[in-house]
Amino acid sequence: MIRVTLALALMGAANLVQAANVTITRDDFGIAHVKGKTDADTVFGMIYAQAEDDFNRVETNYLTNLGRLAEAEGDSAIWKDLRQRLFIDPVKLQADYAASPPWLKKLMQAWAAGLNTYLQTHPETHPRVLTHFEPWMPLSFSEGSIGGDIERVPLTQLQAFYDRKPVAMTLAERGLTYVEPQGSNGFAIAPSHTRNGHALLLINPHTSFFFRSELQMTSDEGLNAYGAVTWGQFFIYQGFNAKAGWMHTSSGIDNVDEFAEDLVTDPNGKLTYRYGSEMRPVTSQTVTLSYRGADGKLAKREFTTYATHHGPIVREAGGKWIAFALMNKPVAALEQSFLRTKATDYASFIKVARLQANSSNNTLFADSKGEIVYLHPQFVPVRSDRFDYRKPVDGSDPATDWHGLHSLGSLPQVVSPKNGWVYNSNNAPWTSAGDDSPKKANFPRYMDEVGDNPRGPHAIRVLSARSDFTPQTLVAAAFDPYLTAFARLVPGLVAAYDRLPDGDPKLKGPIELLRSWDFRWGVGSKPTSLAVFWGETLFTSALQPAKDADMTVWDYMAERATDEQRLKALAEASDRLVKDLGTWSVPWGEINRFQRNDGAITQTFSDTKASIPIGFTGSQWGSLAAFGSQRYPGTRYYYGTKGNSFVAAVEFGPKVEAWAVSAGGESGDPHSRHFLDQAQRYADGNFRKVYFYPADLQGHIESRYQPGRQ
């Protein structure tokens, strides 16, 4: 009672009124079901609930997106902050906020009030930097995908340009390291292919673990959405309402471009750049960044940054400055992100999509009318297809410029195809609906630059296997253990061994283990362990030649790798297994582990602490259920940090029904019972029923309270 009284005393009068309009109900998995009178009230409550669950992640996301991470982490984050500030100007965002539609301003005001109320009523929480939140701040973080377009700018080359010294690109920046991709799967199935005659949606983002919160937002103004919310944002990013659902997957579209600028210093000493027959001035501004020094005090660095009409200068190459162009529509992006959560059918969803402020995500959609849809990103600049925009184009040639945006009707899309399903697994849209897919020849080549990956054929395989899907069989399909990459690659390895004139006694055992394998993962599968170690070795060696040949690395391994390369990689993989684990024949679940032992964003792993065996593999090998794991300093085992996170299967019948699971648990507090209460369910693919309606919650309520009164 004393704490509640003190908390109320600390809250301002306006916040007290808004808090009184909000009820937060926590279910028996700790998931917040937030009910408000207005949409703004609900935003106030849901961001307050997020802060309760993991304020550190909320704050860190805003430090990153505001370009203020170095104030917490020191000068090592300076270049990340500078990259952000090239595109995100707080002064401009404040002006955007002032000019925003009144309804959106109310939501942003409620967002700031909710976080500030949390800090006022939780003095035990100590922010690293942000002790007060302003309503304009959500405009810095208006799109919820894992990694924004800005992250395409290589930090080393940004540093080299603005520090005026050579800095070598990392192998990761050059695409020459084995990295588990962060992407997603989305399936939408028409009533014609379901047992109950209702459309189904699979929501399967592959992100960093614990990257999103799971919650429900309901108001008396028609809002009723459930799903995954990127920490600190006030909209359901991937989820569903009573009538419709949406799933975003990272797109392979070329939606950012680099322009090589031809610089000339004019007679007055001013920097200009050539554009057709003109000489245009290079614009410059001073950016001041703060960073935490070794003594704990804040220090400052100033940078003079440059830009052309194409965008800010991010690096130098071949003696030319490189300008970087991307979508920068924060108000429209925030509008689209929130409004689509209230869309109830395809017509209302596409009406919101006309804001054209989604640049990096494909969308899978399903609704209670039985409509299923694949949509390409809506922000797609019109460009001349005679230029290769995968590389810097000549900024002095006006023909290389962006010429407006593609209309929605000119983009690849699929609406209720005859085949009965649509999907995307971060691959090209040309297979999204089988024979009913968009045809590659009908679109500019910049509509996709990644081609296919092994999850694509796997998705088609499971979606084509039946026409009587239920939510449960949809989950089973999403956890189908077949590994399409190894089904393609391992026969070539076995054939290479069989072509040896005298065999190889050292490799005979490993080869026979793989020869008899059915290409299915599992906790007890020894061939999976050997295949993954072999695949990682061969994959790394194939990255550069695959890039040189303009092939996917999987195509290169299957079609161009030599017998010697295949067998050498197997020998190295076998040796590494023996060195790390004592034998090359080890069950996959003994190696591949889920561990959550602290609430840190970058976790420290330990073989001596409890962990759970995971049967599925990284998505590189075609596993639809993805678990990106690796060794860490001091560990022998592999620990996962990305892949399946929030996963849900949704059925749009007369009443929506859904089943879901999240990695670990809802809370970021290691002392909470909800820190790890979903871990075994996650490992087993054992989904829990979603409590969408008030009647569903009965008997499953852990607590119910108003913000500041718990």
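Predicted model only: the values in this text are computed from it and were never measured.

J.: What is the right way to read the overall build of the protein from this model?
T.: What the protein contains, in helices and strands, is 20 helices and 29 strands. For the protein, whose C-alpha radius of gyration is 26 Å, the value lies close to the compact-globule estimate of 27 Å for 710 residues. Overall, the protein is about 85 × 80 × 60 Å in size when its C-alpha atoms are taken along their principal axes. Sequence-distant contacts, at least 24 apart, represent 68% of the contacts inside the protein between residues at least 6 apart.

J.: I'm lost on the nonpolar core in this one. Help?
T.: Side chains that are nonpolar tend, in soluble globular proteins, to be buried together. Counting residues in each nonpolar core, the largest one holds 100 residues, and the members touching the most others are W111, Y162 and F234. Looking at this core, the element that brings in the most residues is helix α3 (residues 39-65), giving 12 residues. Dropping the residues within four chain positions of it, W111 is found in contact with V43, I47, Y62, F133, E134, M137, P138, G232 and F234. Ranked by size, the runner-up nonpolar core spans 83 residues in total, among them A477, Y497, I511 and M551.

J.: Where do I start with empty space enclosed by the protein in this structure?
T.: Empty space left among the atoms is revealed by rolling a probe the size of a water molecule over them. Summed over all chains, the structure comprises six cavities of 30 Å³ or more. There is about 160 Å³ of room inside the largest cavity. As for the largest cavity, its lining consists of 19 residues, and the residues nearest its centre are F210, F211, R212, S662 and A663. For the lining of the largest cavity, the secondary structure elements donating two or more residues are α3, β4 (199-208) and β5 (212-219). Tallied by class, residues from the lining of the largest cavity come to seven nonpolar, six polar and six charged. Each pocket or cavity is described by its volume, and for the second largest cavity that value is around 60 Å³. In this structure, the second largest cavity is lined by I350, A353, L375, H376, Q378, L408, L411, P412 and Q413.

J.: Quick question: what am I supposed to make of the packing of helix α5 (residues 78-87) against helix α8 (residues 155-163) here?
T.: What describes two packed helices is the angle between their axes and the distance between those same axes. Packing of α5 against α8 brings their axes to within 10 Å, and their N-to-C directions diverge by 85°. The pairing of α5 with α8 is recorded here as roughly perpendicular in orientation. Along its contact with α5, which presents W79, K80, L82, R83 and L86, the element α8 presents L155, L158, Q159, Y162 and D163. Tallied by class, residues from the contact of α5 with α8 come to six nonpolar, one polar and three charged.

J.: Got a minute to help me understand the packing of aromatic side chains in this structure?
T.: Two aromatic rings, taken as a pair, are described by how far apart their centres are and by the angle between their planes. Evaluated as defined, the whole model comprises 45 aromatic pairs. With centroids separated by 5.1 Å and ring planes inclined at 50°, the aromatic side chains of Y306 and W321 adopt a geometry described as tilted. Of this pair, Y306 sits in strand β14 (residues 298-308) while W321 is found in strand β16 (residues 320-325), placing the two residues 15 residues apart along the sequence. By relative accessible area, W321 is classed as buried at 15%. Here a set of aromatic residues connected by ring pairs shows up, and it is made of F209, F210, F479, W521, F594, F616, F627, Y682 and F687. Above the plane of the ring of Y389 lies R383, whose end atom (NZ or CZ) is 5.6 Å from the centre. One residue, R688, lies across the ring of F29, its end atom 5.4 Å from the ring centre.

J.: It is not clear to me how the sheet that holds β16 should be interpreted in this structure. Could you clarify?
T.: Strands belonging to one sheet form pairs held by backbone hydrogen bonds; the direction of such a pair is parallel or antiparallel. On the basis of which strands lie adjacent, the open sheet formed by six strands has the order β13-β14-β15-β16-β9-β19 and mixed pairing. With partners counted over all chains shown, the strands left at the sheet margins are β13 (283-292) and β19 (393-394), one partner each. Bridge count between strand β15 (residues 311-317) and β16: four bridges; the pairing is antiparallel. Note that in β16 the partner of A317 across the bridge is K320. Against the sheet, α5 engages β13, β14, β15 and β16, with an angle of about 140° to β13.

J.: Sorry if this is basic, but what is going on with α5 here?
T.: In an α-helix, one full turn covers 3.6 residues, which means residues spaced three or four apart are oriented alike. Of all the 10 residues making up α5, nine are buried; the element is thus mostly covered by neighbouring parts of the structure. When α5 is considered as a whole, its buried residues turn out to be I78, W79, D81, L82, R83, Q84, R85, L86 and F87.

J.: Explain the pattern of salt bridges here, please?
T.: Side-chain pairing between opposite charges can occur once the charged atoms of the two side chains come close. For the coordinates displayed, the defined rule picks out 35 salt bridges. Note that R445 is salt-bridged to D385, the shortest N-O span being 3.7 Å. You can see R445 sitting in the loop between β21 (421-424) and α11 (455-463) and its partner D385 sitting in the loop between β18 (372-375) and β19, a full 60 residues away along the chain. Judged by its relative accessible area of 43%, R445 falls in the partly exposed class. Across the salt bridge formed by E512 and R515, the nearest N and O atoms sit 3.2 Å from each other.

J.: Mind showing me how you'd approach the layout of surface pockets here?
T.: In this model, the second largest pocket occupies a volume close to 530 Å³. Contributing to the lining of the second largest pocket are 29 residues, with L86, F87, G311, P312 and N328 lying nearest its centre. Secondary structure elements with two or more residues in the lining of the second largest pocket: α5, α6 (90-98), β13, β14, β15 and β16. Taken together, the residues that form the lining of the second largest pocket break down as 15 nonpolar, eight polar and six charged.

J.: I would appreciate a short explanation of the packing of helix α14 (residues 505-515) against helix α17 (residues 563-581) in the present structure.
T.: It is at 10 Å that the axes of α14 and α17 come closest, and there the two elements cross at 95°. Taken as axis vectors, α14 and α17 run roughly perpendicular relative to one another. In this structure, α14 uses K506, L507, P510, I511 and L514 to contact α17, whose residues at the interface are L567, L570, A571, S574 and D575. Looking at the contact of α14 with α17, its residues break down into seven nonpolar, one polar and two charged.

J.: Before we go on, may I ask you to explain the side chain of R85 in this structure?
T.: You can see R85 is positioned in helix α5. Despite its burial, R85 pairs with no opposite charge, the nearest such side chain being D89 at 5.4 Å. Setting aside chain neighbours within four positions, we find R85 in contact with L66, G67, P90, V287, T288 and L289.

Rules of the game
Residues numbered from 1 in each chain as written. Predicted model: local features only at pLDDT ≥ 70, side-chain atom pairs only at ≥ 80, totals over all residues. Heavy atoms only, no water. Helix = DSSP H or I, 4+ residues; strand = E, 2+ residues; numbered from the N terminus. Rg over C-alpha atoms; globule rule 2.2 N^0.38 Å. Contact = heavy atoms within 4.5 Å. Core = buried A, V, L, I, M, F, W, Y, C linked by side-chain atoms within 4.5 Å. Buried < 20%, exposed > 50% of the residue type's maximum accessible area, 1.4 Å probe, protein only. 1 Å grid on protein atoms, 1.4 Å probe; cavity = no way out; pocket = protein on both sides within 12 Å on 5 of 7 lines; lining within 4 Å. Points joined across faces, edges and corners; volume = space filled by probe spheres on them. Nonpolar A, V, L, I, M, F, W, Y, C, P; charged D, E, K, R; others polar. Axes fitted to C-alpha atoms, helices over the stretch in contact; angles between N-to-C directions. Parallel < 35°, antiparallel > 145°, perpendicular 65-115°, else oblique. Phe/Tyr/Trp six-rings, centres within 6.5 Å; stacked < 30°, edge-to-face > 60°. Lys NZ or Arg CZ within 6 Å of the ring centre and 35° of its normal. Pairing = 2+ DSSP bridges. Salt bridge = Lys/Arg side-chain N within 4 Å of Asp/Glu carboxyl O. Lys, Arg positive; Asp, Glu negative; His and termini not counted.

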